[in-house]
Amino acid sequence: MTLALSIAEIRQAATTIAPHVCRTPLRVSSGLSQYNGAEVLLKLETMQNTGAFKLRGATNKLLSLDDAERSAGVIAVSTGNHGRGVAFAAAKLGLHAVVCMSELVPTVKVEAIRALGAEMVITGKSQDEAEETALAMIAELGLVYVSPFDDRHVIAGQGTIGLELMAAVPALDTIIVPVSGGGLIGGISVAAKALRPDVRIVGVTMDRGAAMYESIKAGKPVQVEEMVSLADSLGGGIGSNNRYTFDLVHALVDDMVLVTEAQIADAMAWLYWNERIVAEGAGAVGVAALLNGFAGGGRTVAIVSGCNVDMADFTEIVRERAP
Ligand SMILES: *Cc1c(COP(=O)(O)O)cnc(C)c1O
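Residues numbered from 1 in each chain as written. Predicted model: local features only at pLDDT ≥ 70, side-chain atom pairs only at ≥ 80, totals over all residues. Heavy atoms only, no water.

K.L.:
Talk me through the overall build of the chain; I want residue IDs and the actual numbers.
P.N.:
Per the secondary structure count, the chain includes 14 helices and 10 strands. The globule rule puts the C-alpha radius of gyration for 323 residues at 20 Å, and the 18 Å found for the chain is close to it. Referenced to the eigenvectors of the C-alpha coordinate spread, the extents of the chain come out at roughly 55 × 45 × 40 Å. Here the contacts in the chain between residues at least 6 apart in sequence split such that 74% fall between residues at least 24 apart. For the chain, the computed accessible surface area is about 13400 Å², with 51% contributed by carbon and sulfur atoms. (Helix = DSSP H or I, 4+ residues; strand = E, 2+ residues; numbered from the N terminus. Rg over C-alpha atoms; globule rule 2.2 N^0.38 Å. Contact = heavy atoms within 4.5 Å. Areas by Shrake-Rupley, 256 points an atom, 1.4 Å probe, with all protein chains shown as cover.)

Given below as structure tokens:
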């Protein structure tokens, strides 16, 4: 079977982005190791610049552009971590970045990305309408579109996490990865399985609007209704013209599991009280799966993918669940 992406591209990405991203900590969790009956380590992308792994893919994409593309600048549609990643990388590399959002996105999120230096375009009543505006700006201004997941440079950037794990953890049995569009799990899977073909990859997502899960079940990309979730960074579809991530997940991911809102909230509180880690809902889904016996097996790494959560909401969640 030939995959659309090779480990060589991920190795290249690792070299390219090294000056701009953190090699994040990988920490043993003794509590989760006890649950699992074998060592569990947490890969803390919560400690990445911008508070989430998306900076890796965005940086690799921006560094792949030629001179004409660099001077045209880049554009992204995002309400959160992808927008932060693109804005941060663009500022670091001296490119102009535009981030489009709908009028429904809370001001705090808009301001967080504007503060990183991006031009904010607030338009329409939905993410789809924001996308239409982005397409019009691309046609008019020649800006380069940066996909949040379905782009080979983006996937290769996220895959650098897989290289870091394989270098740091001997005899790794299972990797647990949060899933939305599938760029993160796709990239990690290519790197990990190239180096250790029998490693098990488990994807985790919320049971409310799980686009990749439903698509894999149906054998083709399908649309799901978007619902409010604590794991807001996992919302959105995989695109009906999905180019890379559906095939990568289909070929390389061994298992997909769903977690409930209550399990996500409990996992956020568990990480806080037991490990002193602040994770957003999307970042905690892997730990939620472990705490409920849905994943793990042998020496396991769970990716804690981000920490960008409203702190008023977060403190309420953890306070209600104080041990
Ligand atoms: C985007 C995101 C994910 C999912 O990544 P995909 O590549 O879309 O599957 C997981 N966690 C966080 C915090 C994210 O921002």
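K.L.:
I'd like a rundown of the packing of helix α9 (residues 183-195) against helix α11 (residues 245-252), residues and numbers included.
P.N.:
Running from N to C, α9 and α11 point in directions that differ by 50°, and their axes come no closer than 9 Å. Judged on the interaxial angle alone, α11 and α9 are oblique. In the packing of α9 onto α11, the handedness of the crossing is left-handed. For the pair α9 and α11, the contacting residues are Gly183, Ile185, Gly186, Ser189, Val190 and Lys193 in the first and Thr245, Leu248, Val249 and Leu252 in the second. Its residues assigned to classes, the contact of α9 with α11 shows 5 nonpolar, 4 polar and 1 charged. (Axes fitted to C-alpha atoms, helices over the stretch in contact; angles between N-to-C directions. Parallel < 35°, antiparallel > 145°, perpendicular 65-115°, else oblique. Left-handed = near helix turned anticlockwise from the far one by under 90°. Nonpolar A, V, L, I, M, F, W, Y, C, P; charged D, E, K, R; others polar.)

K.L.:
Describe the site of the ligand, and please don't skip the residues or the numbers.
P.N.:
As a matter of local geometry, the ligand sits amid 16 residues, with Lys54, Asn81, Ser180, Gly182 and Ser305 nearest to it. Contact distances for the ligand include 2.8 Å between an oxygen atom and a backbone N or O atom of Ser180. Backbone polar atom of Gly183 to an oxygen atom of the ligand: 2.9 Å apart, as the coordinates give it. Bound to the protein, the ligand loses 98% of the 380 Å² it would expose on its own. Residue composition of the shell around the ligand, by class: 6 nonpolar, 8 polar and 2 charged. (Near = heavy atom within 4 Å. Polar contact = N/O pair within 3.5 Å; in protein donor to acceptor, adjacent residues only side chain to side chain.)

K.L.:
Explain unusual backbone geometry to me, using residue names and the numbers behind them.
P.N.:
Even without a glycine there, the phi angle at Thr50 is positive, about 75°. Not every positive phi belongs to a glycine, and Arg276 is a case in point at roughly 60°. Take Arg276: its relative accessible area is 65%, and that puts it in the exposed class. (Buried < 20%, exposed > 50% of the residue type's maximum accessible area, 1.4 Å probe, protein only.)

K.L.:
Help me get a handle on the state of the cysteines, residues and values and all.
P.N.:
Going through the model one piece at a time under the given rule, you end up with 0 disulfides. With no disulfide of its own, Cys22 lies 11 Å from the sulfur of Cys307, the closest cysteine sulfur. A residue is classified by how much of its surface remains accessible, and Cys22, at 25% relative accessible area, is partly exposed. (Disulfide = S-S within 2.5 Å.)

K.L.:
Mind laying out the packing of helix α8 (residues 152-168) against α9, listing which residues take part and the relevant values?
P.N.:
One way to put it is that α8 packs onto α9 with a least axis distance of 7 Å and a crossing angle of 45°. On the basis of the axis angle, α8 is oblique to α9. Here the hand of the crossing between α8 and α9 comes out right-handed. On α9, the residues touching Ile155, Gln158, Gly159, Ile161, Gly162, Leu163 and Met166 of α8 are Gly183, Leu184, Gly186, Gly187, Ile188, Ala191, Ala192 and Leu195. Of the residues in the contact of α8 with α9, the class split is 9 nonpolar, 6 polar and no charged.

K.L.:
For the nonpolar core, give the residues involved together with the corresponding values.
P.N.:
Counting 35 residues, the largest nonpolar core has Leu32, Leu42, Leu271 and Val287 as its most contacted members. Not counting residues up to four positions away in its chain, the partners in contact with Leu271 are Leu42, Arg276, Ile277, Ala279, Ala284, Val287 and Val304. (Core = buried A, V, L, I, M, F, W, Y, C linked by side-chain atoms within 4.5 Å.)

K.L.:
Could you give an account of the domain arrangement of the chain, with specific residues and numbers?
P.N.:
By a widely used convention, the size of an interface equals the accessible area lost when the partners come together. When the domains of the chain are assigned, the result is domain 1 (7-52 + 151-320) and domain 2 (55-146). Computed over C-alpha atoms only, the centres of domain 1 and domain 2 are separated by 23 Å. At the interface, 27 residues of domain 1 touch 16 residues of domain 2. When the area that domain 1 buries against domain 2 is broken down by residue, the three leading residues are His20, Thr50 and His153, summing to 34%. Joining domain 1 to domain 2, the criterion identifies 4 salt bridges. Note that Glu45 is salt-bridged to Arg56, the shortest N-O span being 2.7 Å. Within the residue set of the side of domain 1 that touches domain 2, elements represented by two or more residues are α1 (7-17) and α8. The element that contributes the greatest number of residues to the side of domain 1 that touches domain 2 is α8, accounting for 8 residues. (Domains from an automatic or database assignment. Buried area = accessible area lost by both parts, 1.4 Å probe. Salt bridge = Lys/Arg side-chain N within 4 Å of Asp/Glu carboxyl O.)

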